[in-house]
Amino acid sequence: MYIYFRTRQLEKVCNKEVEAIKKHGPILAKKLQRRLSELKAAETLADMSTLPNARCHELIGDRAGQLSVDVEHPQRLIFIPANEPIPMKEDGGLDWDNITEIEIIEIGDPHPRK
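Not measured: the values here are computed from a predicted model.

Q: Even after reading the chapter, I still don't get the packing of aromatic side chains, so can you show me in this structure?
A: Geometrically, a pair of aromatic rings is defined through the distance of the ring centres and the angle of the planes. Applying the stated criterion across every chain yields a total of 1 aromatic pair. Measuring from centroid to centroid gives 4.6 Å for Tyr-2 and Tyr-4, while their planes differ by 65 degrees, and the two rings are edge-to-face.

Set out below in structure tokens:
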């Protein structure tokens, strides 16, 4: 799968171990690198649904259209499909079998406590 990044800073954190450790600590940085390797190795987003600890899923509510995969609870890699046009099923849902490009928009907790 091809991966884009929302910002250069996010790309730097995701691609440079030193930056990831500085921002998120050594445990999350290591798990982040593993998850990014899995995403890069996947042919389509559907491949991520078979990984037991990834918990790849679509978000709802004000985050509808975004997806996430677990990194280290509660931190997740949050992304959107980047194919043009975005592959959709007839029922209006995302067609995971044809999503081959994503844009990572954030590393964080999509459900922050108030």
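Q: What am I meant to see in the pairing of strand β1 (residues 2–5) here?
A: Each regular strand shows side chains that alternate between the opposite faces of the sheet. Of the two faces of β1, only one is covered, namely that formed by Ile-3 and Phe-5; the face formed by Tyr-2 and Tyr-4 stays uncovered. Pairing between β1 and strand β5 (residues 101–108): 4 bridges, direction parallel. In the sheet register, Ile-3 faces β5, and the bridge partner there is Ile-102.

Q: Explain the confidence of the model for the chain to me, please; I cannot follow it from the model alone.
A: As a general rule, the predicted coordinates of low-pLDDT regions are not to be interpreted in detail. In the predicted model, the chain carries a mean pLDDT of 93, and 97% of its residues have values of at least 70. Mean pLDDT values over the elements of the chain span from 92, in strand β2 (residues 57–58), up to 97, in β1.

Q: Is there a simple way to think about the packing of helix α2 (residues 17–24) against helix α3 (residues 26–41) in this case?
A: Axes are the key here: two packed helices are described by the angle between their axes and the distance separating the axes. Where α2 meets α3, the closest approach of the two axes is 7 Å, and the angle between their N-to-C directions is 135 degrees. With respect to each other, α2 and α3 are oriented oblique. As for the relative orientation of α2 and α3, their crossing is right-handed in sense. For the pair formed by α2 and α3, the contact residues are Ala-20, Ile-21 and His-24 on the first element and Pro-26, Leu-28, Ala-29 and Leu-32 on the second. A breakdown of the residues in the contact of α2 with α3 according to their chemical character gives 6 nonpolar, 1 polar and no charged.

Q: For this particular structure, what's the right way to read the pairing of strand β4 (residues 75–81)?
A: Among the 7 residues that make up β4, 6 are buried, leaving the element largely enclosed by the rest of the structure. Here strand β3 (residues 67–72) runs beside β4; their pairing, made up of 5 bridges, is antiparallel. When the sheet's bridge partners are listed, Leu-67 is paired in β4 with Phe-79. In this structure, β4 lies alongside β5, joined through 6 bridges in antiparallel fashion. Considered in β5, the bridge of Ile-78 is made with Glu-106.

Cut-off values and rules
Residues numbered from 1 in each chain as written. Predicted model: local features only at pLDDT ≥ 70, side-chain atom pairs only at ≥ 80, totals over all residues. Heavy atoms only, no water. Phe/Tyr/Trp six-rings, centres within 6.5 Å; stacked < 30°, edge-to-face > 60°. Buried < 20%, exposed > 50% of the residue type's maximum accessible area, 1.4 Å probe, protein only. Helix = DSSP H or I, 4+ residues; strand = E, 2+ residues; numbered from the N terminus. Pairing = 2+ DSSP bridges. pLDDT = per-residue confidence, 0-100. Axes fitted to C-alpha atoms, helices over the stretch in contact; angles between N-to-C directions. Parallel < 35°, antiparallel > 145°, perpendicular 65-115°, else oblique. Left-handed = near helix turned anticlockwise from the far one by under 90°. Contact = heavy atoms within 4.5 Å. Nonpolar A, V, L, I, M, F, W, Y, C, P; charged D, E, K, R; others polar.

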